[in-house]
Amino acid sequence: MTGVDIDNVVLVTVDSLRADATSPYDPERHTPVLQDLADSGTVFEHAFANGNWTPFSFPGILASRPVFADTGHIGVDESRTLAEVMSEAGFETGGFNAANGFLTSHWGYDDGFDDFEPFVAEIGSSIYSRYLAAHPTVEAWLQLATSPFRRLSSKLRGNSDEQPFHDASRGLDVERSATEFVESTDGPFFLWVHYMDAHTPYVPAPRYVREVSDSRLGTHRMIVAHTKTGLGWEVDDRTLGDLRTLYQGAVRQVDASIGRLRDTLAAAGLADDTAFVVAGDHGEEFQEHGHLAHYPKLYDELAHVPLVVDVPGVDGGRVEGAVGLDAIPPTVCELAGVDADASWGGESLLPAVLEGTPPADDPVVSVTVRGEEVTKQPIPRGLDDGDLLVSARTTEWTYITNTETGHEELYHRPSDPDQQENRLSAAPGGETAAVLDRLRPVAEAHAASLTEESAGDAGDAMDEDLETRLSALGYR
């Protein structure tokens, strides 16, 4: 018995979305739709991704399983997915991914979806089209350089600037497909939507840049910011500020699209029967630890993500206690009155949503694999591709270990929110020793369970177009 009366569940995931990029976690941010969801729903203060990038995080989000747990490589092709469980329970299922190549049928993410579209289309045979597909920063430069002319043309035609000139992130395609799915369904449904706007390169529509910044960020400054990062030049404070502004504009662009999706539910008379879950799949770094984007690290800028659950008729609130994104599948199932799969590792958060019951006081584990260099590509796709790093988190503490080298880090986030002071640089004692004694065995046990399953295999070879799309995301 769930204690809620709903027919449908919408799960929205946003690539590269930090918790502090949204107003429910930072009042200075401008995300009015997410704020409205937070005001009526439940905000989990300490929600953490189970990995630092999409292929490491999503096995938890859509299958409640740790990455590598079932096959030794990324993907969910051998796992029981949320969509499979919901489909077998009689729900219509739709999944729409804005061209993230790691969320495709190649990795098993279509399993259980009646309607699935990853928008990883054929690129074309011309040298020009293949180059732009593999170099989205160049495409961003071209878009920005031509934006004044496009804006003038748009004004002359009487059009607004609410949408990007070129839907490079495929967010509008995802929104249209999700809208069509909602309008065409007859029975209860489960809908998953994944946005890529906040992933590099950040090229939001001009109006959203203006909404999140005090001054107008000129096109030339946007081009300079993308040029410096694209060519690997040193990023000064001004450029870093411009990148943050573009990122926040992209986050607001997603926020607006989520609002239109909610409007679709309301227009179809489904808003009062639909639970809405929003989460980031991982965060984004802006040189807090020396880099941009999301390289293999496990600090808060990459692990701390928003998680908001809005259930019609249920008063909202804010929930303390550390939770992992692997709690999403059992939570969605319990919301829908469906039994969770026995193989899932996460626990439902519905008691916290309905009654404010604190989640279980268990550390949240996240993992990444790091090659010889932090920025070395290709992205690891199996445990044999580098050193396994594991973190264990509570509401206050972060423990990180490199299981190959034995290097350990411990941070007290309330007093050191940027995680710069490793408490293990000196001999631990008192509270530090007690925390270490608690978190170290959790990380060690997780690492041991993963290495037992390692097959040293990254899966079947991919087709050329998918490899090109992954390269466009910085993954080769």
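Residues numbered from 1 in each chain as written. Predicted model: local features only at pLDDT ≥ 70, side-chain atom pairs only at ≥ 80, totals over all residues. Heavy atoms only, no water.

What is the right way to look at unusual backbone geometry in this model?
Negative phi is the rule for most residues except glycine; trans is the rule for most peptide bonds. Proline 201 follows threonine 200 through a cis peptide bond whose omega is -10°. With respect to the helices, strands and loops of the structure, proline 201 is situated in the loop between strand E5 (189-195) and helix H7 (206-212). Despite not being glycine, serine 16 has its phi angle at roughly 65°, a positive value. Relative to the helices and strands, serine 16 is located in the loop between strand E1 (8-14) and helix H1 (32-40). A relative accessible area of 0% places serine 16 in the buried class. (Helix = DSSP H or I, 4+ residues; strand = E, 2+ residues; numbered from the N terminus. Buried < 20%, exposed > 50% of the residue type's maximum accessible area, 1.4 Å probe, protein only.)

What is the right way to look at a negative patch on the surface in this model?
A contiguous patch of negative charge, built from Asp114, Asp115, Glu117, Glu180 and Glu183, is present on the exposed surface. Within the residue set of the negative patch, elements represented by two or more residues are strand E4 (115-117) and helix H6 (171-184). Within the element layout of this structure, glutamate 117 appears in strand E4. (Patch = residues over 30% accessible without salt bridge, like charges linked within 9 Å, V, L, I, M, F, W, Y side chains within 5 Å. Areas by Shrake-Rupley, 256 points an atom, 1.4 Å probe, with all protein chains shown as cover. Salt bridge = Lys/Arg side-chain N within 4 Å of Asp/Glu carboxyl O. Lys, Arg positive; Asp, Glu negative; His and termini not counted. Charge placed at Lys NZ, Arg CZ, Asp CG, Glu CD.)

Explanation requested: the sheet that holds E1 in the structure shown.
Two pairing modes exist for strands in a sheet, parallel and antiparallel, and in both the strands are linked by backbone hydrogen bonds. Read across the sheet, eight strands follow the order E4-E3-E5-E1-E6-E9-E2-E10 without closing on themselves; strand pairing throughout is mixed. Edge positions in the open sheet fall to E4 and strand E10 (317-324), since each of these has one partner strand only. Looking at each pair of strands side by side, their axes are set apart by 15° on average, direction ignored. Sheet analysis places E1 next to strand E6 (residues 274-280), joined by seven bridges and oriented parallel. Considered in E6, the bridge of valine 14 is made with glycine 280. (Pairing = 2+ DSSP bridges. Axes fitted to C-alpha atoms, helices over the stretch in contact; angles between N-to-C directions.)

How should the pairing of strand E11 (residues 364-370) be read in this particular structure?
Successive side chains on a regular strand alternate, one facing one side of the sheet and the next facing the other. Of all seven residues in E11, six are buried; the element is thus mostly enclosed. Here E11 pairs with strand E12 (residues 387-393) via seven bridges, running antiparallel. In the strand pairing of E12, serine 366 is matched with serine 391.

I tried to follow the pattern of salt bridges on my own but got confused; where do I start?
On inspection of all chains with the given rule, the structure shows 18 salt bridges. In this structure, lysine 297 engages glutamate 285 in a salt bridge whose closest nitrogen and oxygen atoms are separated by 3.0 Å. Of the two residues, lysine 297 is situated in the loop between strand E8 (292-293) and helix H10 (300-303) and glutamate 285 in strand E7 (residues 285-286); the sequence distance between them amounts to twelve residues. The same class applies to lysine 297 as to glutamate 285, namely buried. Shared partners join several salt bridges into a network, and the residues in it are Arg207, Glu211, Arg252 and Asp255.

It is not clear to me how the sheet that holds E12 should be interpreted in this structure. Could you clarify?
The strand order across the open sheet formed by four strands is E11-E12-E13-E14, and the pairing between neighbours is antiparallel. The open sheet has two edge strands, E11 and strand E14 (408-412), and neither has a second partner. Strand-to-strand twist across the sheet, computed as the mean angle between neighbouring axes with direction ignored, equals 15°.

Mind showing me how you'd approach the side chain of aspartate 173 here?
Mapped onto the elements, aspartate 173 comes out in helix H6. For aspartate 173, the side chain forms a polar contact with the side chain of arginine 170, separated by 2.5 Å. (Polar contact = N/O pair within 3.5 Å; in protein donor to acceptor, adjacent residues only side chain to side chain.)

Got a minute to help me understand the nonpolar core in this structure?
Nonpolar side chains tend toward joint burial in soluble globular proteins. With 71 residues, the main nonpolar core has Phe44 and Leu335 as its most contacted residues. Ranked by residues supplied to this core, first place goes to helix H13 (residues 431-453) with six residues. Apart from residues lying up to four places away in sequence, phenylalanine 44 is in contact with Tyr25, Leu307, Val309, Val319, Val323, Leu349, Ala352 and Val353. Core analysis: the second largest hydrophobic core is formed by 45 residues, Phe119, Ala178, Val209 and Val254 among them. (Core = buried A, V, L, I, M, F, W, Y, C linked by side-chain atoms within 4.5 Å. Contact = heavy atoms within 4.5 Å.)

Is there a simple way to explain the packing of H1 against helix H9 (residues 237-267) in this structure?
What describes two packed helices is the angle between their axes and the distance between those same axes. Axis separation between H1 and H9 bottoms out at 7 Å; the angle between their running directions is 55°. Judged on the interaxial angle alone, H9 and H1 are oblique. Across the interface between the two elements, Pro32, Val33, Leu34, Asp36 and Leu37 of H1 pack against Arg252, Asp255, Ile258, Gly259 and Arg262 of H9. Split into classes, the residues belonging to the contact of H1 with H9 amount to five nonpolar, one polar and four charged. (Parallel < 35°, antiparallel > 145°, perpendicular 65-115°, else oblique. Nonpolar A, V, L, I, M, F, W, Y, C, P; charged D, E, K, R; others polar.)

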